[in-house]
Amino acid sequence: MSQVLPAEGGLRRVIGDGESLPDGEVEGLGDAELLALYRDLVLLRTYDERSVVYHRQGRIGTYAIFWNHEAMQAGAAFALEERDWIFPSYRESAIGLVRGMPASTVLSWWRGHPAGWWNPEDSNVASICVPIGTHVPHAVGFAWGSKLKGEDRVAIAFFGDGATSEGAFHEGATFAGVTKAPAILFCNNNQWAISTPLAEQTAAPTLADKAIGYGMPGLRVDGCDVLAVYEATRDAVERARAGEGPTFIEAVTYRSAPHATADDPSIYIDPERVEEARESECVGRYERYLVRAGVLTEETIESVKNEALELMRAGIAEAEAEPPADPGLVFEHAYADPPATLADDLAELRRILGG
Amino acid sequence: MSQVLPAEGGLRRVIGDGESLPDGEVEGLGDAELLALYRDLVLLRTYDERSVVYHRQGRIGTYAIFWNHEAMQAGAAFALEERDWIFPSYRESAIGLVRGMPASTVLSWWRGHPAGWWNPEDSNVASICVPIGTHVPHAVGFAWGSKLKGEDRVAIAFFGDGATSEGAFHEGATFAGVTKAPAILFCNNNQWAISTPLAEQTAAPTLADKAIGYGMPGLRVDGCDVLAVYEATRDAVERARAGEGPTFIEAVTYRSAPHATADDPSIYIDPERVEEARESECVGRYERYLVRAGVLTEETIESVKNEALELMRAGIAEAEAEPPADPGLVFEHAYADPPATLADDLAELRRILGG
Amino acid sequence: MAEKLLVEAVNDALHVEMERDASILVLGEDVGKLGGVFRATAGLQERFGADRCFDTPLAEAGILGTAVGLCMAGWRPVVEMQYDAFSYPALDQLINHVGRYRWRTRGAMSFPLTIRMPYGGGVRAPELHDDSPETYYVHTPGVKVAIPSTPADAKGLLAAAIRDPDPVVVLEPKLHYRTAKQEVPEGEHVVPLGEARLAREGTDVTLIAYGAMIPLAERAADALEGEASCEVLDLRSLKPLDEDALLASVSKTGRAVVVQEAPRVAGFAAEVAAVLAEKAIFDLQGPVLRVTGYDVPYPYWQIEDAYMPSVERVVDAARRLLAA
Amino acid sequence: MAEKLLVEAVNDALHVEMERDASILVLGEDVGKLGGVFRATAGLQERFGADRCFDTPLAEAGILGTAVGLCMAGWRPVVEMQYDAFSYPALDQLINHVGRYRWRTRGAMSFPLTIRMPYGGGVRAPELHDDSPETYYVHTPGVKVAIPSTPADAKGLLAAAIRDPDPVVVLEPKLHYRTAKQEVPEGEHVVPLGEARLAREGTDVTLIAYGAMIPLAERAADALEGEASCEVLDLRSLKPLDEDALLASVSKTGRAVVVQEAPRVAGFAAEVAAVLAEKAIFDLQGPVLRVTGYDVPYPYWQIEDAYMPSVERVVDAARRLLAA
Ligand SMILES: Cc1ncc(C[n+]2csc(CCOP(=O)(O)OP(=O)(O)O)c2C)c(N)n1
Ligand SMILES: Cc1ncc(C[n+]2csc(CCOP(=O)(O)OP(=O)(O)O)c2C)c(N)n1
Ligand SMILES: [Mg+2]
Ligand SMILES: [Mg+2]
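Rules of the game
Residues numbered from 1 in each chain as written. Chains lettered and ligands numbered in written order. Predicted model: local features only at pLDDT ≥ 70, side-chain atom pairs only at ≥ 80, totals over all residues. Heavy atoms only, no water. Phe/Tyr/Trp six-rings, centres within 6.5 Å; stacked < 30°, edge-to-face > 60°. Helix = DSSP H or I, 4+ residues; strand = E, 2+ residues; numbered from the N terminus. Buried < 20%, exposed > 50% of the residue type's maximum accessible area, 1.4 Å probe, protein only. Pairing = 2+ DSSP bridges. Right-handed = clockwise from strand over helix to strand, strands pointing away. Donors = N, O, S within 2.8 Å, 3.2 Å for Na, K, Ca; no water. Least-squares fit on C-alpha atoms with pLDDT ≥ 70 in both. Contact = heavy atoms within 4.5 Å. Domains from an automatic or database assignment. Buried area = accessible area lost by both parts, 1.4 Å probe. Salt bridge = Lys/Arg side-chain N within 4 Å of Asp/Glu carboxyl O. Nonpolar A, V, L, I, M, F, W, Y, C, P; charged D, E, K, R; others polar.

Caption draft 1: Just the packing of aromatic side chains, in detail. The final tally for this structure, using the stated rule, is 64 aromatic pairs over all chains. On the numbers, 5.9 Å between centres and 55° between planes, the contact of Phe-87 of chain A with Phe-142 of chain A is tilted. Pair noted here: Phe-87 of chain A is in strand β3 (residues 85-87) and Phe-142 of chain A is in helix α5 (residues 136-148), with a separation of 55 residues, a long-range link. Note on Phe-87 of chain A: relative accessible area 0%, which makes it buried. The buried category is assigned to Phe-142 of chain A, whose relative accessible area is 0%. Judged by centre distance (6.3 Å) and plane angle (45°), the rings of Phe-159 of chain B and Phe-248 of chain B are tilted. In this pair, Phe-159 of chain B sits in strand β4 (residues 155-160) while Phe-248 of chain B sits in strand β9 (residues 247-252), placing the two residues 89 residues apart along the sequence.

Caption draft 2: Main features of the pairing of β4 of chain B. All names here are of chain B. With respect to burial, β4 is a largely interior element, 6 of its 6 residues being buried. Pairing of strand β3 (residues 85-87) with β4, which is carried by 3 bridges, proceeds in the parallel orientation. Within the sheet, the bridge partner assigned to Phe-87 lies in β4 and is Ala-157. Note: β4 against strand β5 (residues 183-189), 6 bridges, orientation parallel. Pairing of Phe-159 across the sheet is with Cys-187, part of β5. Of the crossover connections in this fold, the one passing from β4 over helix α6 (residues 167-179) to the parallel β5 is right-handed.

Caption draft 3: Main features of the coordination of the magnesium ion (ligand 3). Residue and element names in this part refer to chain A. Taken together, the protein donors to the magnesium ion (ligand 3) comprise Asp-161 (OD), Asn-190 (OD1) and Trp-192 (O), at separations of 2.0 to 2.1 Å. All donors to the magnesium ion (ligand 3) come from one chain, and their sequence spacing reads D-x28-N-x1-W. Asn-190 sits in the buried class, given a relative accessible area of 2%. Under the relative-accessibility criterion, Trp-192 is labelled buried at 11%.

Caption draft 4: Examining the relation of the copies chain C and chain D more closely. Once chain C is rotated about the relating axis by 180° and shifted along it by 0.0 Å, it coincides with chain D to within an RMSD of 0.0 Å. Seen this way, the second copy is the image of the first under a two-fold rotation axis. Mapped onto chain D, 98% of the interface residues of chain C are again interface residues, and the two copies thus contact each other with one and the same surface.

Caption draft 5: Here's a closer look at the domain arrangement of chain C. Residues and elements named next belong to chain C. If you check the domain split of chain C, you get domain 1 (2-184) and domain 2 (197-323). Put simply, the middle of domain 1 and the middle of domain 2, counted by C-alpha atoms, are 26 Å apart. Counting residues at the interface gives 29 residues for domain 1 and 23 residues for domain 2. Taken together, the two surfaces of domain 1 and domain 2 that pack against each other cover about 2000 Å², and 53% of this comes from carbon and sulfur. Counting every contact that joins domain 1 to domain 2 gives 4 salt bridges. For the side of domain 1 that touches domain 2, the elements supplying multiple residues, two or more each, are α6 (134-138), β6 (144-146) and α7 (151-163). Residues belonging to the side of domain 1 that touches domain 2 are distributed by class as follows: 14 nonpolar, 9 polar and 6 charged.

Shown next as structure tokens:
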């Protein structure tokens, strides 16, 4: 039996604070898994922190920061098999890293370079979805379609608290309920949609309360507790595989960085609340947990971090070494069987660029 | 205190069956009100039955039948003041009748004649909304806007069970919750969206369960019990006027007529279930209730029915006496300040039609 | 070959294609047990099972959005939108995803989905059952658009759309669902996208149209007989457009009237006129005239005939051209 | 008069109009406390209160749908869509309601709402922050469309849109939000819809454009100096369109290049070409050429310059015309 403890506000929690809150544990996770999960967390954290630096250095473009969202991404992904599909939003741009996607690929995406546009089938990670909530029906359709094919593949869609207001979320969730699709609707509730706080986003008591309207269970979990996230997602995956249909997971965190590099939250956010969230951020929390549990040593911490840094260094170098994109790519890939006019247009463009 | 009794499936109910189920009563409704409500019911029933005949006679076009939906429409409208606005779907096309809108107006709408396009401000009934669920945000915006103006006006939107799957419903409801708009989202759950049964529409245990996702109460009521509908709506109106925000009402009935005159439900519906529903249809049920209560006599029944029939006879005569619409109307009303091209187009059309 | 109504030809195409390719799914509102409000999908659920032809919740963006996911799972979904004007909630999925997803995967994944729907007016229906939305579709990159005017083309273009590796929108002229009747080839029948059909040969003026406007153009050509020899060009496929056929005809006649039911501004007739203004300018003996719906909401049906392009308006335009 | 950036001019218009008319509301995502992601609505909530400038839930159809209801309650809502490509979920409300509701009431009720949004590419942004969606809007009956190219027009056209009794969509060229700078009239300043602006006089060829393509057309005109005298016509308002100005210019120069950032097929340049093909055919000394975005998804930003119309492409088109 796993040991899941209640946290404030009824959130599932596993990790304690080393003082008054006791540590729990998740059944089935041995030291190797616990360490692998730590590696994923550090990888994502490192990706994020380096990206902010690269942005400042002008090496990548606008970037959507996911600092303190790593536990949700790594924890949920850890509960999946490789054959399961992940449908990320811009907030989970780097989630492919935990599936072995090269950092250079994701960096290239933020560099606006075609090398950043990956083949979803390579690591079963769908393309980054920029318009809010619109990938929820994709994940549901994929899950449903896999089920119809008799394949055992679960799909998870990641989206934010704001996304739950969009019609696309609603319609996708409705389809999921009716088709009993093996889908997981994973809501990163960081309590802000750019400058709009949750209270102005919805009057629902909690986001998980929306689940009943789709005939699916709604779980609430501490989004900064990677083990609780893992555990909840694993439950959802089990339901999905058992043919019991979709699950909505609300993982609660607090956005403790700007929405994106272009954003200045000082206009709207409460800096004290941010400070508080930064103090209990998810990577350090898990690190301390592992240290308390005797699973992690200072040495390993350092080597894991160095490894991640090294991966990022290599990643940005690789991304920057990409040859400039051929302008002719403008005409590629839109159609499998393109209208003839595109060839004329390409010829015109080449003539003009050549001349 | 009103006396509302639980019905099967937790539906609010007032009217009994004269046998094992006892009759309740609604506080504050005297004989005059009870009779007025009866008149409304009969008026709507007569409108509907005559319209089906008129359609067969080729006197009106395709028509969306609302037989056995009258209790929802009349009951809910009866809980409103005249200053409150009604936002109907095609299913409530004739709801204006209970506000004194001429039958000829509504008949003209189904005749595709411009006389059927009314001024909403005449009786505070918005235009008939044909695309499913899309008027929910209109009602919410109206209610919210009225509140912002400091006016005491409630808005009610009528829509079906199928409509709750549309993104427009979801977004409207979300806005209602957040703005605490004095709005009532009234769902006619007749358990079918054309040929799609409720079970294929949503996995939600009940439609009222959707309400919590918007932070509003969800009431369930027997939609064939006009007094229960009235009572529930009155409660919602009171909440709205008290500044407590919106309410979702799910009124349960069973569609016991074709979706519209063009539809053949024999392909998909269970005829026994329809028969059952027709036997307990809402107008007769209320009629028997009033007779049991000694409020209604055979004489009054006949005169009310004759009055309604007369009104319909006059209505269709008036509609049919409308002069043919001027083709030039094509160019009217689209713009307050039309682009100049429209005048050229009109001139061209006149030239061609004239020649 | 048997005679079939246009809607029967659509139904036939669906049967034949689903039989041929087990990865084809049909989904939409009321397409299953009822077989569609126009019966275009009648019999599919019985024949192929509820797993391959199913009723969806009432949510058009959800329908199209899940269809994108179904493609990713390896299916070829054929989506029905119940009516033209009820397809608009799905425009966001169409523009931001259907038209872009293949590109987004750098061509690694295909989205061979088909969106079919009845379109157009003249059927004495309540509001919003009459739109001609092709501009919204044809302007959207990554999406192809076909509009048949005859039963045989309704079958053949739908089959081509279903087989096409790219997303295709097929608009079916509901006005002619049960009036157009024609011999339709049995079994597999494919009319390639991008090939216009010369519906009638002529020498003096080309009437360019598609869908429900073809029978109208033909009647206008009849009305002009003796006065002028009209060529009627049925574009059939709006994207890809058969520019060769268009230019060949206009270079022959030197006169062009483009007929379209949709509102005029930025409608597809504008595109045709623009192609002519660019590529046939020296062939033209007069202006390119457009006969279209007007830039106002589609009206109450008692006066819809005044809104729709009419034989008289087409004839009038042709006469003005011939007189110029 | 003070110099203002284009986005500041927008902000100024909102301040001036809200001050003038207490029935104006501003709503949208992040328009309140943040003042909009581009700061176009900065200061409005402070000045006019949270009842007149508020943040909405993240739901574009909900925003536009409630705005319809707000109109019915007597307000004049000014809606912000955060970006072009994020306005598509609201297209259904736009087409089926915003453009039709006044008609539906037989003119008894007005829907004087304004929808404004940043549009267009060239800003090195992630996917879907670059669309030019004007065709979807301008093709929709009942809706007017304006697109400013200068700070003064950004103010004046927005003011006109807000005052207009009909729904108006205003697309603001985000590429020039902070690069275009100009003296902008203080206080009330209205540029009537339906009047084009002669951005530059010339005699040999007319470059017809709007919005972000105007500075580009002007640079092309510069590049052609000595070679050809270019007239640059800034349409400013797409519906109503200033046909008189268009025809007058082309009748003078006899040559037209239409520049548009949106994909070509059925874009607004097609409408311009169609108007010319109908009404200026005998004035034209050569084909009407279109320089547009291509009919493919807007690309990754490293090659977006190849997608966008460029000075070179406009110059090339003009040269081809002059040589014809
Ligand atoms: C359909 C759509 N509307 C608006 C936007 C602009 N936008 C980008 S992020 C964002 C806020 C999203 O908030 P939330 O869903 O809570 O996710 P978070 O960014 O907090 O992870 C908005 C409004 C968009 N990308 N798509
Ligand atoms: C957006 C939209 N999609 C589809 C339709 C076609 N249609 C008309 S009625 C209907 C079913 C509506 O069911 P429900 O909401 O339960 O209302 P009811 O008709 O049962 O009152 C459908 C699909 C429509 N009118 N609008
Ligand atoms: Mg958020
Ligand atoms: Mg129903």
